[in-house]
Amino acid sequence: MTATWEIRQGDALGRLREMPDKSVHLILTDPPYYRFKALAWDRQWKTAEEYLEWIGQLCQEWRRILTDNGSLYVFASGSMVARVEVKMSEWFYILNRIVWVKHDGTKNRGGLWDRNDEQNLTTYFSQCEYILFAENR
């Protein structure tokens, strides 16, 4: 069997809807986090509920295109991961919540902090990302 892959660019829902049922073995996705960044693509929803409705639409398509034994990995922000996990659990078995602790090579194991920089010490920086690991029900 020859493995094939491709990269598609465009609106996520539109692109997903073009894909055939049960045609994908692995989905690894990093959707917008909802108001985590001050950029239009991350602030296109007026409320968290609208964002979660969109996540539900993605879940519907992910479930449709994912093979029966396929895996789904979804990145989520710390502030929304619990709510995204609950929404995803309507469509998938959530197998694990992976915590990716980021290191920057300094003695500070959490990374992103310079112990000599007072401004950094008094400002919160997210030092981890969350990844939800799921499979079809």
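Refer to the preceding data block for the structure.
Visitor: I would appreciate a short explanation of the nonpolar core in the present structure.
Guide: Grouped burial of nonpolar side chains is what soluble globular proteins tend to show. In this structure, Y51, W62, L72, V84 and M88 are the most contacted members of the largest nonpolar core, which totals 28 residues. Mapped onto this core, the elements with two or more residues apiece are α1 (12–17), β1 (24–29), α2 (48–65), β2 (66–76), α3 (81–88) and β4 (128–136). A per-element tally of this core places α2 first, with nine residues. Not counting chain neighbours up to four residues away, the residues in contact with M88 comprise C59, L72, V74, I94, L132 and A134.

Visitor: In this structure, what is going on with the layout of surface pockets? I would like to understand it.
Guide: Gaps between atoms show up when a probe of the same size as a water molecule is rolled over them. Within this model, the largest pocket holds a volume of roughly 1100 Å³. Residue lining of the largest pocket: 31 residues in total, with E6, L16, M19, V24 and L26 positioned closest to the centre. When residues in the lining of the largest pocket are grouped by element, the largest group, six residues, is from β1. Looking at side-chain class alone, the lining of the largest pocket contains 19 nonpolar, seven polar and five charged residues.

About the cut-offs
Residues numbered from 1 in each chain as written. Predicted model: local features only at pLDDT ≥ 70, side-chain atom pairs only at ≥ 80, totals over all residues. Heavy atoms only, no water. Core = buried A, V, L, I, M, F, W, Y, C linked by side-chain atoms within 4.5 Å. Buried < 20%, exposed > 50% of the residue type's maximum accessible area, 1.4 Å probe, protein only. Helix = DSSP H or I, 4+ residues; strand = E, 2+ residues; numbered from the N terminus. Contact = heavy atoms within 4.5 Å. 1 Å grid on protein atoms, 1.4 Å probe; cavity = no way out; pocket = protein on both sides within 12 Å on 5 of 7 lines; lining within 4 Å. Points joined across faces, edges and corners; volume = space filled by probe spheres on them. Nonpolar A, V, L, I, M, F, W, Y, C, P; charged D, E, K, R; others polar.

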